[in-house]
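# Working through the structure, step by step
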Amino acid sequence: MKKVVTFGEIMLRLSPPGFERFFQSPVLSATFGGGEANVAVSLAHFGLESTYVTALPPHAIGDAAVKALRAEGVRTDRIVRQGSRVGIYFAEAGASQRASGVIYDRAHSAISAMAPDAVDWRGVMDGADWFHVTGITPALGANGSEATRRAIAAAKEAGARVSVDLNYRRKLWTEAQARDVMGPLMRHVDVVIANEEDLQSVLGVEVQGTDVTSGVLDVAGFRAAAGQVTSEFGPRMVAITLRESLSASDNGWSAVLWDAEAGTMERSQRYDVRLVDRIGGGDSFAAGLIYGLVTGRPPAAALRFAVAASALKQTIPGDFNRVTVEEVDRLAGGDASGRVQR
């Protein structure tokens, strides 16, 4: 069984029922989610040994977050219990012409105060085949940046491959701050995952001839941008997700994968997705790509699996992607009928 480690912040998610506006009724459902936690859950459902590292306060809400991860099959024995706050985000689902909305309340959360040496990174990475983190974790502050650097160094020392989802969040840091921190880390990364906005904001790499809002996608532009990432920053592979935002209810969904060593640019199948919950869509793509590559699937097959996994996730409420390898393979193989399987 392959071992994958992820590191980041898990948050309490509060959402109104269905497609209601915030406090349209005095009810908010409480679940948990967060970039790397979502990846960890997906990989556990795919049958891998999935270890998640974070910091959570030693109180009832922290306990509930740990239990939520364990319930999905994620290993939680490396979670640091300290601090007093679990980060919160409020998520309102959009529909048709009304966009979704997210409000964050994550300042001074337990992980932002966690010292970089609070985790035995060598011990965590012992036997690991893959390590994954997003750009959100170093954006949490100096502690997060240094912990991310140490985690990547320990992963490389252990012989694990490293993937980073750039996942730029302008509410957490500026483009200049992101470039100063993320640029040097790229030299130790094997796979970069991003969308076109992430590439521009975090790495200063523009994608020419593409406008995802209008559905204009120039593969040559993505090929040039991905090649620039590998030549200037070092990663071997660059995966770029392509979301065509037709409305808050309907998106086109596909991706491309550049392999610098092979000199190939793969383009995935495309799905028209009727959105149930788009939050976690990029995380489920990252998990699918990691699963495909770490289990030895060729890049083109890994990309197909990743896009299919992510399309399925966006039909499931909540952050977590609760699907199996069999379900993803069935969709990736061409069965998009939605018929009952007997």
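Above this text sits the structure in question.
Every chain begins its residue count from 1, and numbering advances along the sequence as written. Reporting in this predicted model follows two pLDDT cut-offs: at least 70 for local features of residues, and 80 or more for side-chain atom pairs to be given and counted; totals over whole chains, interfaces and linings ignore these cut-offs and use all residues. The side-chain values count all of the structure's non-hydrogen atoms but skip hydrogen atoms and water molecules.

Should DSSP find at least two bridges between two strands, the strands are taken to pair. Note on conventions: DSSP H or I runs of at least 4 residues are helices, E runs of at least 2 residues are strands, and numbering of each starts at the N terminus. Sheet architecture is open: 4 strands sit in the order β3-β2-β7-β8, paired in mixed fashion. The two strands at the open ends of the sheet, each matched to only one other strand, are β3 (29-33) and β8 (101-105). For this sheet, the mean angle separating the axes of adjacent strands, direction not counted, is 25°. Here strand β7 (residues 88-92) runs beside β8; their pairing, made up of 5 bridges, is antiparallel. In the sheet register, Tyr89 faces β8, and the bridge partner there is Tyr104. To get an axis, fit a line to the C-alpha atoms, keeping to the stretch in contact for a helix; angles then go from 0 to 180 degrees between the N-to-C directions.

It is worth spelling out the side chain of Ser201 at this point. Within the secondary structure, Ser201 sits in helix α7 (residues 196-203). In this scheme, a residue with accessible area under 20% of its type's maximum is buried, one over 50% is exposed, and one in between is partly exposed, where area comes from a 1.4 Å probe on protein chains only. Judged by its relative accessible area of 4%, Ser201 falls in the buried class. Nitrogen and oxygen atoms within 3.5 Å of one another constitute a polar contact, given that in protein one can donate a hydrogen and the other can accept it, and given that sequence-neighbouring residues count only through two side-chain atoms. In this structure the side chain of Ser201 is engaged in a polar contact, spanning 3.2 Å, whose partner is the side chain of Glu175. Between two residues, a contact is recorded if the distance between any of their heavy atoms is within 4.5 Å. Other than its neighbours up to four places away in sequence, Ser201 contacts Tyr168, Arg170, Glu175 and Arg179.

Before going further, it helps to spend a moment on the packing of helix α6 (residues 175-185) against α7. Closest axis-to-axis distance for the α6/α7 pair is 7 Å, and the angle between their directions is 80°. Taken together, the axes of α6 and α7 lie roughly perpendicular to each other. On α7, the residues that touch Glu175, Ala178, Arg179 and Met182 of α6 are Gln200, Ser201, Val202 and Leu203. Under the convention adopted here, Pro, Cys and the residues Ala, Val, Leu, Ile, Met, Phe, Trp and Tyr are nonpolar, Asp, Glu, Lys and Arg are charged, and Gly plus all remaining residues are polar. Grouping the amino acids of the contact of α6 with α7 by side-chain chemistry returns 4 nonpolar, 2 polar and 2 charged. Here the angle decides the label: under 35 degrees means roughly parallel, over 145 means roughly antiparallel, 65 to 115 means roughly perpendicular, and every other value means oblique.

Further remarks concern unusual backbone geometry. Of note in this structure, His108 is not a glycine but carries a positive phi near 65°. Within the element layout of this structure, His108 appears in the loop between β8 and α3 (121-125). On the basis of relative accessible area, His108 is assigned to the exposed category, the value being 71%. Of note in this structure, Asn167 is not a glycine but carries a positive phi near 40°. Inspection of the secondary structure assignment puts Asn167 in the loop between β10 (161-165) and α6.

Salt bridge, as applied in this entry: a Lys or Arg side-chain nitrogen positioned within 4 Å of an Asp or Glu carboxyl oxygen. For the structure shown, the criterion picks out 21 salt bridges. Put simply, Arg75 and Glu49 hold a salt bridge, and the shortest N to O gap is 2.8 Å. Here the residue Arg75 occupies a position in the loop between α2 (60-71) and β6 (80-81), and Glu49 occupies one in strand β4 (residues 49-53), the gap between them amounting to 26 residues. What makes Glu49 partly exposed here is its relative accessible area of 22%.

What follows concerns the packing of helix α1 (residues 35-45) against helix α9 (residues 281-294). In the contact formed by α1 and α9, the axes pass within 8 Å of each other and the chain directions differ by 45°. Taken together, α1 and α9 sit at an angle that is classed as oblique. Where α1 crosses over α9, the handedness of that crossing is right-handed. Taken together, the residues of α9 that come into contact with α1 (itself represented by Gly35, Asn38, Val39, Ser42 and Leu43) are Asp283, Ser284, Ala286, Ala287, Ile290 and Tyr291. Looking at the contact of α1 with α9 residue by residue, the classes come out as 6 nonpolar, 4 polar and 1 charged. Left-handed describes a crossing in which the near helix is turned anticlockwise from the far one by less than a right angle; the clockwise case is right-handed.

Next up on the list: the environment of Glu9. Within the secondary structure layout, Glu9 lies in the loop between β1 (3-7) and β2 (11-15). For the pair Glu9 and Gly33, spaced 24 residues apart in sequence, the C-alpha to C-alpha distance is 8.5 Å. Apart from residues lying up to four places away in sequence, Glu9 is in contact with Gly33, Gly34, Gly35, Glu36, Tyr52, Thr54, Gly87, Arg106, Ser109, Ile111 and Leu140. Polar side-chain contacts of Glu9 include one of 2.8 Å to the side chain of Arg106.

Let's shift gears to the packing of aromatic side chains. Within 6.5 Å between ring centres, the rings of Phe, Tyr and Trp (the latter by its six-membered ring) count as paired, and their orientation is classed by plane angle as stacked under 30 degrees, edge-to-face over 60, tilted in between. Evaluated as defined, the whole model comprises 5 aromatic pairs. Look at Phe46 and Tyr291: their rings are 5.3 Å apart centre to centre, the planes differ by 55°, and that puts the pair in the tilted class. With Phe46 in the loop between α1 and β4 and Tyr291 in helix α9, the pair connects residues that are 245 residues apart, well separated along the chain. Take Phe46 and Tyr291: they sit in the same class, and that class is buried. Joined through ring pairs, the aromatic side chains of Phe46, Tyr291 and Phe305 make up one cluster.

For the rest of this paragraph, the subject is the pairing of strand β11 (residues 191-194). Judged by which residues are buried, β11 turns out to be covered on both faces: Val191 and Ile193 on one side and Val192 and Ala194 on the other are all buried. Both β10 and β11 contribute to a ladder of 3 bridges, which runs parallel. Its bridge partner lying in β11, Val164 is registered against Val192. With α6 bridging β10 and the parallel β11, this β-α-β connection has right-handed handedness. Pairing between β11 and strand β12 (residues 237-245): 4 bridges, direction parallel. Counterpart to Val191 in the pairing with β12 is Met237. Handedness of a crossover: with both strands directed away from the viewer, a clockwise path from the first strand across the helix to the second marks it as right-handed.

What follows is about the side chain of Asp165. Along the chain, the position of Asp165 falls in strand β10. For the purpose of charge, His is not counted, nor are the chain termini; Lys and Arg are scored as positive and Asp and Glu as negative. Within the buried core, Asp165 has no salt-bridge partner, and the shortest N-O distance to an opposite charge, that of Arg169, equals 7.3 Å. Apart from the residues lying within four places of it in its own chain, the contact partners of Asp165 are His132, Val133, Thr134, Gly135, Ile193, Asp198, Gly282 and Asp283.

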